[in-house]
Amino acid sequence: MYEILIQPFVEYGFMFKSLLGCVLISLCAPMLGLFLILKKMSLTGDAISHAILPGVAIGYAVAGLSVTIMTLGGFIAGSLVIVLSGFVSRYTKKGEDSALAVFYLISLALGILIISLNGSNIDLLSILFGSLLTINDECLILLSSITLITIVTMLVIRRPFIIDCIDPDFLIHNDINGHHYHIIFMILVVLNLIAGFQTIGTLMAVGLLILPAAIIRLWLNNIVLSCLISPLIVIISCYCGLIASFYYNYPTTPIIILALGLLYLISVFLGTNGGILWKYVRLKHLDS
Amino acid sequence: MEIRSIKTPGFIKSLFIALLTLSVSFESKAEDINIVTTNTILADITSEVTGKHAVIYSLVGYDEEVHAFNPKPSDLKKLKEADIIIANGKNLEGWLSRIDDKNKIVEASKGIKSIKKDGYEDPHGWNSPYNANIYIDNIAYAACAKIPAYCNEFKDNANKYKQTFNELTIKYKQLYDALPQENKKAITAHDAFGYLARDFEITFIPIKGVNEETEISAQILAQIIKQIRESGIKVIFIENISNTHFAEQLTKETSATIGGELISDSLSKKNSVDTYYKMVDYNLKTVYEAFSSAK
Ligand SMILES: [Zn+2]
């Protein structure tokens with residue numbers, strides 16, 4: 001058993017580094033996903049993750065596949081979108097969803113265009129679908145920094161931020177500007193989406209935020225407990241992706257997302273916090 | 001000037017002038033022969049052979065990846081305007097089957113004793129100097145068929161060009177034969193040097209396949225690491241057309257080191273290896289130096 005499940009990570013440094021990258025991103029991404037869901041902003045997360053692509057693409061056009069420059073480009077682009085989506089939500093009402101969808105489709109197209117004009121389709125694929133297996137030290141340092149920044153910042157702003165999520169009126173009544181906390185939070189989202197891009201690519205990076213959060217919501221109501229347990233979901237899925245790639249020659253990114261999807265389906269049925277099965281059992285119970 | 005000095009009846013003079021302009025216009029037309037090649041290597045061979053008698057355009061540029069290429073509308077326009085389209089063949093340009101004027105296509109690698117990989121022909125014939133003659137002859141033959149007037153010149157150019165390759169091949173063959181066989185093994189970024197390996201008795205283990213498949217699984221990476229550890233491979237070569245991430249990963253996990261950057265499928269401006277001859281020379285030299293210094 002040890003040989004099959006653990007040995008690969010001991011024998012091969014790249015397996016260990018890939019898993020380490022997953023552990024680092026798992027610490028914060030699901031937590032941010034939870035708050036995105038609480039704030040009903042999953043789609044904004046999606047829009048930002050796609051908007052990072054043209055930024056990354058410009059970085060790529062300038063300096064090739066350099067972690068630092070592509071990250072910088074992605075960060076600038078992501079921050080721009082926060083500002084833009086702020087405008088969108090202020091000036092449109094019902095149409096907000098479609099405006100964001102239009103926006104991220106344009107970003108995606110723009111990003112792909114910029115990369116295609118500057119290099120090969122092969123680099124494009126590694127940007128879209130990530131390169132978990134080639135995570136290097138530079139990338140691990142970046143992931144660690146993002147994780148550290150996110151944890152420290154969230155600890156500092158936790159009280160007003162959580163109140164802003166749950167009861168924005170409370171802050172307004174007490175003359176506290178909740179908007180600042182919102183902006184800080186969105187910047188953390190951008191940073192973590194960039195971390196996700198380094199591991200599983202821009203197309204599915206948002207999956208590391210939203211999917212584990214959606215899964216844990218089906219089991220727990222307690223936010224703090226959810227934040228503490230949700231990293232496990234990401235680690236398990238990434239582990240599955242790496243092991244499947246190691247033994248069955250599969251690409252890692254789709255397996256990771258599919259593993260998360262499977263966990264989500266299971267949770268929809270079995271989840272103790274709103275799972276279909278328990279609702280059914282309760283109905284039966286009432287009937288008899 | 002000459003025409004004026006010759007005293008001839010008017011109509012002969014005009015006939016003479018007419019003939020002269022005819023030949024002039026023929027010549028300018030011949031110089032304007034349009035050749036489109038699919039990559040920079042073929043463009044350089046073509047330009048060596050045709051000299052100043054052709055305008056040559058390469059679809060894939062310097063240092064660019066050739067396998068994932070797909071023609072843009074502007075490329076299709078170039079192909080339409082071309083008098084000759086010089087392609088490598090052997091499935092390197094799969095998209096060629098979709099264009100209209102297939103009769104203009106010349107398969108430059110035709111006649112090479114090909115290597116089969118997973119049931120497909122390996123397209124990378126150009127990377128062995130033993131195949132240079134075939135490429136040169138095929139292109140000279142195609143140019144002759146298009147402009148017979150300059151055929152002798154093309155054949156002359158081709159023969160001189162082939163001679164330089166023959167000298168290069170002999171020189172390196174001797175050097176490589178003198179190397180101990182256990183030194184002649186290395187990792188390459190993609191499977192581009194199968195012909196070179198065959199002709200110079202080298203073992204190359206590629207990270208990516210013949211067509212630069214995109215996603216490398218953990219299994220493949222682990223197998224390569226295992227091979228390096230078990231067979232004691234010391235050298236890893238990177239390439240001008242692909243990224244170096246996997247190669248870097250391998251140097252961290254094994255005792256092998258990067259032995260240099262090979263120019264595989266496109267000529268390189270960044271390494272100033274901008275002719276086919278320089279490329280073959282540069283690659284053979286780089287590999288030889290890495291092998292002879294490997295301990
Ligand atoms: Zn190739």
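Computed from a prediction, not measured in an experiment: that's the story for all the values here.

Criteria and cut-off values
- Residues numbered from 1 in each chain as written.
- Chains lettered and ligands numbered in written order.
- Predicted model: local features only at pLDDT ≥ 70, side-chain atom pairs only at ≥ 80, totals over all residues.
- Heavy atoms only, no water.
- Helix = DSSP H or I, 4+ residues; strand = E, 2+ residues; numbered from the N terminus.
- Rg over C-alpha atoms; globule rule 2.2 N^0.38 Å.
- Buried < 20%, exposed > 50% of the residue type's maximum accessible area, 1.4 Å probe, protein only.
- Contact = heavy atoms within 4.5 Å.
- Areas by Shrake-Rupley, 256 points an atom, 1.4 Å probe, with all protein chains shown as cover.
- Lys, Arg positive; Asp, Glu negative; His and termini not counted.
- Charge placed at Lys NZ, Arg CZ, Asp CG, Glu CD.
- Salt bridge = Lys/Arg side-chain N within 4 Å of Asp/Glu carboxyl O.
- Donors = N, O, S within 2.8 Å, 3.2 Å for Na, K, Ca; no water.
- Polar contact = N/O pair within 3.5 Å; in protein donor to acceptor, adjacent residues only side chain to side chain.
- Buried area = accessible area lost by both parts, 1.4 Å probe.
- Core = buried A, V, L, I, M, F, W, Y, C linked by side-chain atoms within 4.5 Å.
- Disulfide = S-S within 2.5 Å.
- Pairing = 2+ DSSP bridges.
- Axes fitted to C-alpha atoms, helices over the stretch in contact; angles between N-to-C directions.
- Phe/Tyr/Trp six-rings, centres within 6.5 Å; stacked < 30°, edge-to-face > 60°.
- Lys NZ or Arg CZ within 6 Å of the ring centre and 35° of its normal.

With respect to the overall build of chain A
Right, so step 1: Each helix and strand counted, chain A has 14 helices and 0 strands in total.
Right, so step 2: Along chain A, helices (α) and strands (β) appear in the sequence α-α-α-α-α-α-α-α-α-α-α-α-α-α when read from the amino end.
Right, so step 3: Computed over C-alpha atoms, the radius of gyration of chain A comes to 20 Å, within 12% of the 19 Å expected from 2.2 N^0.38 for 288 residues, which places it in the range of a compact globule.
Right, so step 4: With respect to the three principal axes, the spread of C-alpha positions in chain A is 60 × 55 × 35 Å.
Right, so step 5: Sorting the 288 residues of chain A into buried and exposed places 50% on the buried side.
Right, so step 6: Considering only intrachain contacts with a sequence separation of at least 6, the fraction spanning at least 24 residues in chain A is 77%.
Right, so step 7: Carbon and sulfur atoms form 72% of the exposed surface of chain A, whose accessible area is close to 13,800 Å².
Right, so step 8: Measuring between centres, the 12 positive side-chain charges of chain A sit 12 Å from its 13 negative side-chain charges.

Concerning the pattern of salt bridges
Residues and elements named next belong to chain B.
Right, so step 1: Tallied over the entire structure, the rule returns 15 salt bridges over all chains.
Right, so step 2: Between K90 and E121 there is a salt bridge, with the nearest N and O atoms lying 3.8 Å from each other. With K90 in the loop between β3 (84-87) and β4 (105-107) and E121 in strand β6 (residues 120-121), this residue pair connects regions lying 31 residues apart in the sequence.
Right, so step 3: Taking relative accessible area as the criterion, E121 reaches 27% and is therefore assigned partly exposed.

A look at the coordination of the zinc ion
All names here are of chain B.
Right, so step 1: For the zinc ion, the protein coordination sphere consists of H67 (NE2), H124 (NE2), H190 (NE2) and D265 (OD), at 1.9 to 2.0 Å.
Right, so step 2: Mapped onto the polypeptide sequence, the residues donating to the zinc ion form the spacing pattern H-x56-H-x65-H-x74-D. With a gap of 123 residues between them, H67 in the loop between β2 (54-58) and α4 (73-81) and H190 in strand β7 (residues 185-190) connect regions that are remote in the sequence.
Right, so step 3: According to the relative accessible area criterion, H190 is buried, its value standing at 0%.

Describing the side chain of N131 of chain B
Residues and elements named next belong to chain B.
Right, so step 1: As for its placement among the helices and strands, N131 is situated in the loop between β6 and α5 (132-146).
Right, so step 2: Judged by relative accessible area, which is 5%, N131 ranks as buried.
Right, so step 3: From its side chain, N131 meets the backbone oxygen of G125 in a polar contact 2.9 Å long.
Right, so step 4: Leave out the neighbours within four places in its chain, and N131 touches I112, G125 and Y195.

Thoughts on the interface of chain B and chain A
Right, so step 1: Each side of the interface is counted separately: chain B has 23 residues, and chain A has 26 residues.
Right, so step 2: When chain B packs against chain A, close to 2,100 Å² is buried across both sides, 56% of that on carbon and sulfur atoms.
Right, so step 3: Counting every contact that joins chain B to chain A gives 0 salt bridges.
Right, so step 4: On inspection of chain B and its partner chain A, the count reaches 9 residue pairs in polar contact (both at pLDDT 80 or more).
Right, so step 5: Taken together, the elements giving at least two residues each to the side of chain B that touches chain A come down to α8 (218-231) and α9 (245-253) of chain B.
Right, so step 6: With 8 residues, the top contributor of residues to the side of chain B that touches chain A is α8 of chain B.

Quick look at the nonpolar core
Right, so step 1: By size, the foremost hydrophobic cluster in this structure holds 94 residues, and its most contacted members are F14, F35, I127, M154 and F185 of chain A together with I187 and L250 of chain B.
Right, so step 2: Excluding anything up to four places from it in sequence, M154 of chain A contacts M31, L32, F35, F161, F185 and L188 of chain A.
Right, so step 3: Counting residues in each nonpolar core, the second largest holds 69 residues, with Y172, Y176, Y195 and F200 of chain B among its members.

What to know about the state of the cysteines
Right, so step 1: Across all of its chains, the model carries 1 disulfide over all chains by this definition.
Right, so step 2: Shown here is the disulfide that connects C144 of chain B with C151 of chain B, its sulfur atoms set 2.1 Å apart. Torsion about the S-S bond of the C144 of chain B and C151 of chain B cystine: about 95°, corresponding to right-handed handedness.
Right, so step 3: Overall, the relative accessible area of 10% leaves C144 of chain B in the buried class.
Right, so step 4: Here C22 of chain A stays free of any disulfide, with the sulfur of C238 of chain A as its closest cysteine sulfur at 3.2 Å.
Right, so step 5: Classification of C22 of chain A by relative accessible area gives buried; the value is 2%.
Right, so step 6: As a non-bridged cysteine, C139 of chain A has C22 of chain A as the owner of its nearest cysteine sulfur, 11 Å distant.
Right, so step 7: Judged by its relative accessible area of 3%, C139 of chain A falls in the buried class.

Description of the sheet that holds β3 of chain B
In a beta sheet, neighbouring strands pair by backbone hydrogen bonds and run either parallel or antiparallel.
Residue and element names in this part refer to chain B.
Right, so step 1: Strand order in the open sheet formed by 4 strands is β2-β1-β3-β4, with parallel pairing between adjacent strands. The open sheet is flanked by β2 and β4, the only strands paired with a single partner. Across this sheet, the average inter-strand angle for adjacent strands is 25°, counted without regard to direction.
Right, so step 2: Along the sheet, helix α3 (residues 40-50) makes contact with β1 (33-37), β2 and β3, crossing β2 at roughly 170°.
Right, so step 3: Relative to the sheet, α4 contacts β1, β2 and β3, its axis offset from that of β1 by approximately 135°.

Some remarks on the packing of aromatic side chains
Right, so step 1: Under the definition given, this model contains 19 aromatic pairs over all chains.
Right, so step 2: Taking the centre distance of 5.8 Å and the plane angle of 50° together, the rings of Y12 of chain A and F246 of chain A count as tilted. In this pair, Y12 of chain A is assigned in the loop between α2 (7-11) and α3 (13-38) and F246 of chain A in helix α12 (residues 223-248), connecting sequence segments 234 residues apart. A single burial state applies to Y12 of chain A and to F246 of chain A, both of which are buried.
Right, so step 3: One aromatic cluster in this structure is built from Y130, Y172, Y176, F200 and Y288 of chain B.
Right, so step 4: We note K78 of chain B situated over the ring of Y57 of chain B; from NZ or CZ to the ring centre the distance is 4.3 Å.

Looking at the sheet that holds strand β9 (residues 235-239) of chain B
Residue and element names in this part refer to chain B.
Right, so step 1: A sheet is described by the order of its strands in space; here 4 strands give the open sequence β8-β7-β9-β10, paired in parallel fashion. Two strands lie at the open edges of the sheet, namely β8 (203-208) and β10 (257-262), each paired on one side alone. Taken pair by pair, the neighbouring strands of this sheet meet at an average axis angle of 30°, ignoring direction.
Right, so step 2: Bridge count for β9 against β10 is 5 bridges, and the pairing is parallel. Across the sheet, E239 pairs through a bridge with L262, a residue of β10.
Right, so step 3: Relative to the sheet, α8 contacts β7 and β8, its axis offset from that of β8 by approximately 155°.

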